[in-house]
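Chain residues, written in single-letter form:
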Amino acid sequence: GKVRGLSMTATKFGIAFTARFLNQANALVNVHVDGTVQVSTGATEMGQGVNTKLAQIVAHTFAIPVSMVRVMPTSTEKNHNTSPTAASSGADLNGAAVLEAATKIKQRLQAMEGASSKMSWNELVKKAYLERISLGEYAHYQTPGLDFDKNTSKGKAFNYYTMGTAVSEVEIDEYTGETKVLRVDLLMDIGRPINPGIDKGQVTGAFTQGMGWVTTEKLVYDEKRHLLSHSPTTYKIPSIQDTPSIFNVSFIENNSNTVNVHASKAVGEPPFVLGISVWTAIKRAIGVRFHDQILSMHSPATGEEILGVFKKMSEKN
């Protein structure tokens, strides 16, 4: 037979590096006479869309098309002592530095323009060049107010919190232990998204990764403690067949996060922890089969683990 379970999980997630000194970034913004802009930061693009977000921040500041902004390859020639691109702080730190540098250039251009008639971007840049006004700027940013003391557990550890909730519905075959995730509804407060398309991809990807972590990704060792599940052939990461057929992702419109760049919030890690809603839904489904009795189930809830729980509960009853 098959049993179904439904579970809701909510989370409050703070983004910050453990080491306070890592909460810093710098950016170099150069505007050229043809109106194009080059941006250099310490952020490393690895598929998370940070370069797109940096380009959007600059384009928004100068009110120009994103196509006129080029994010340069990360290089210590342009940006020194950069913090590692880890967690969602990549867009937070580097984005804030880029915004500060671009804003300084914008303020110089506005002061030069003065009360004269409005000029186009290209006209403004050309005039600034002819009047020998700097069209380049460097900025350094540090996350403000972080003073957490782990020894006393006092102080401010996080600049802000990202919150979300997920409801997951699963179906379990009690004879094989197979689990199907039928539906997931996920709601996130990520402030004001810089790029909703990128952020939705980050949310769905993070949730799926978390789902795999608590359902199929099991470390298996032999009697000599050698890792057996050391490759994709033995370590089962989620595939397209494991993702829910109904997967709804929505964002709460929230512009109140004034402490972060453009009122945005971190988006990569917070949805990951919501994957546990699939695990709790599995546990709930088994509990329903045994009249809501309290049961013990380890993570990850693999097919073997599920069958083991069914066996224990059947023997108990």
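Our structure is the block above this text.
Worth saying up front: this structure is predicted, and the values here are computed from it rather than measured.

Participant: Sorry if this is basic, but what is going on with the environment of glycine 47 here?
Facilitator: Its location among the elements puts glycine 47 in the loop between strand 3 (37-41) and helix 1 (50-62). The exposure class of glycine 47 is exposed, given its relative accessible area of 68%. Separated by 232 residues in sequence, glycine 47 and tryptophan 279 place their C-alpha atoms 28 Å apart.

Participant: Please explain the packing of helix 6 (residues 276-289) against helix 7 (residues 303-316) as it appears in this structure.
Facilitator: Two numbers describe a pair of packed helices, the interaxial angle and the distance between the axes. With their axes 11 Å apart at the nearest point, helix 6 and helix 7 run at an angle of 25° to one another. One finds that helix 6 runs roughly parallel with respect to helix 7. Two packed elements cross with a definite hand, and for helix 6 against helix 7 that hand is right-handed. Residues Ile282, Ile286 and Arg289 of helix 6 touch helix 7, and the partners they reach there are Ile306, Val309 and Phe310.

Participant: For this particular structure, what's the right way to read the packing of aromatic side chains?
Facilitator: To describe a pair of aromatic rings, one takes the distance between the centres and the angle between the planes. This model, assessed by the stated rule, comprises five aromatic pairs. Here the guanidinium or amino end of arginine 225 rests over the ring plane of tyrosine 221, the centre of that ring lying 4.3 Å away.

Participant: I keep staring at the sheet that holds strand 3 and nothing clicks. Help me out?
Facilitator: Remark on secondary structure: sheet strands pair via backbone hydrogen bonds, oriented parallel or antiparallel. Overall, mixed pairing links the four strands, which are arranged 4-3-2-5 in an open sheet. Only two strands of the sheet have a single partner each, and these edge strands are strand 4 (69-71) and strand 5 (136-142). Geometrically, the sheet is characterised by an average inter-axis angle of 20° between neighbouring strands, direction not taken into account. Pairing analysis gives seven bridges linking strand 2 (residues 24-31) to strand 5, with the strands arranged antiparallel. Paired with leucine 28 across the two strands is tyrosine 138, which belongs to strand 5.

Participant: It is not clear to me how the pairing of strand 2 should be interpreted in this structure. Could you clarify?
Facilitator: Every other side chain in a regular strand lies on the same face of the sheet, so the side chains alternate between the two faces. The buried count for strand 2 comes to six of eight residues, which makes it a mostly enclosed element. Alignment of strand 2 against strand 3, held across five bridges, turns out to be antiparallel. Across the sheet, alanine 27 pairs through a bridge with threonine 41, a residue of strand 3. Linking strand 2 back to strand 3 in an antiparallel pair, the connection comprises five residues, with glycine 35 at a positive phi of about 95°.

Participant: Hey, could you run me through the pattern of salt bridges in this one?
Facilitator: Note that side chains of opposite charge can pair when their charged atoms are close. Evaluated as defined, the whole model comprises 11 salt bridges. Between arginine 108 and glutamate 137 there is a salt bridge, with the nearest N and O atoms lying 2.7 Å from each other. Of this pair, arginine 108 sits in helix 2 (residues 89-113) while glutamate 137 sits in strand 5; the two residues are 29 residues apart in sequence, bridging distant segments of the chain. On the basis of relative accessibility, which here comes to 17%, the residue glutamate 137 falls in the buried class. Ionic pairing is found between lysine 236 and aspartate 242, a salt bridge with its closest N-O pair at 3.0 Å. Judged by its relative accessible area of 40%, lysine 236 falls in the partly exposed class. Several salt bridges converge on common partners, so that one network encompasses Lys2, Arg4, Glu169 and Glu171.

Participant: Please clarify how the layout of surface pockets should be interpreted in this entry.
Facilitator: Approximately 510 Å³ is the volume attributed to the largest pocket. Every residue lining the largest pocket is counted, 28 residues in all, and those nearest its centre are Thr179, Thr215, Thr216, Lys236 and Asp242. Put simply, the parts of the chain that give the lining of the largest pocket at least two residues each are strand 7 (179-189), helix 4 (196-215), helix 6 and helix 7. Sort the elements by how many residues they give to the lining of the largest pocket and strand 7 lands first, with four residues. Of the residues assigned to the lining of the largest pocket, the class counts are 10 nonpolar, 12 polar and six charged.

Definitions and limits used
- Residues numbered from 1 in each chain as written.
- Predicted model: local features only at pLDDT ≥ 70, side-chain atom pairs only at ≥ 80, totals over all residues.
- Heavy atoms only, no water.
- Helix = DSSP H or I, 4+ residues; strand = E, 2+ residues; numbered from the N terminus.
- Buried < 20%, exposed > 50% of the residue type's maximum accessible area, 1.4 Å probe, protein only.
- Axes fitted to C-alpha atoms, helices over the stretch in contact; angles between N-to-C directions.
- Parallel < 35°, antiparallel > 145°, perpendicular 65-115°, else oblique.
- Left-handed = near helix turned anticlockwise from the far one by under 90°.
- Contact = heavy atoms within 4.5 Å.
- Phe/Tyr/Trp six-rings, centres within 6.5 Å; stacked < 30°, edge-to-face > 60°.
- Lys NZ or Arg CZ within 6 Å of the ring centre and 35° of its normal.
- Pairing = 2+ DSSP bridges.
- Salt bridge = Lys/Arg side-chain N within 4 Å of Asp/Glu carboxyl O.
- 1 Å grid on protein atoms, 1.4 Å probe; cavity = no way out; pocket = protein on both sides within 12 Å on 5 of 7 lines; lining within 4 Å.
- Points joined across faces, edges and corners; volume = space filled by probe spheres on them.
- Nonpolar A, V, L, I, M, F, W, Y, C, P; charged D, E, K, R; others polar.

Everything listed is a geometric property; what it means functionally is a separate question.
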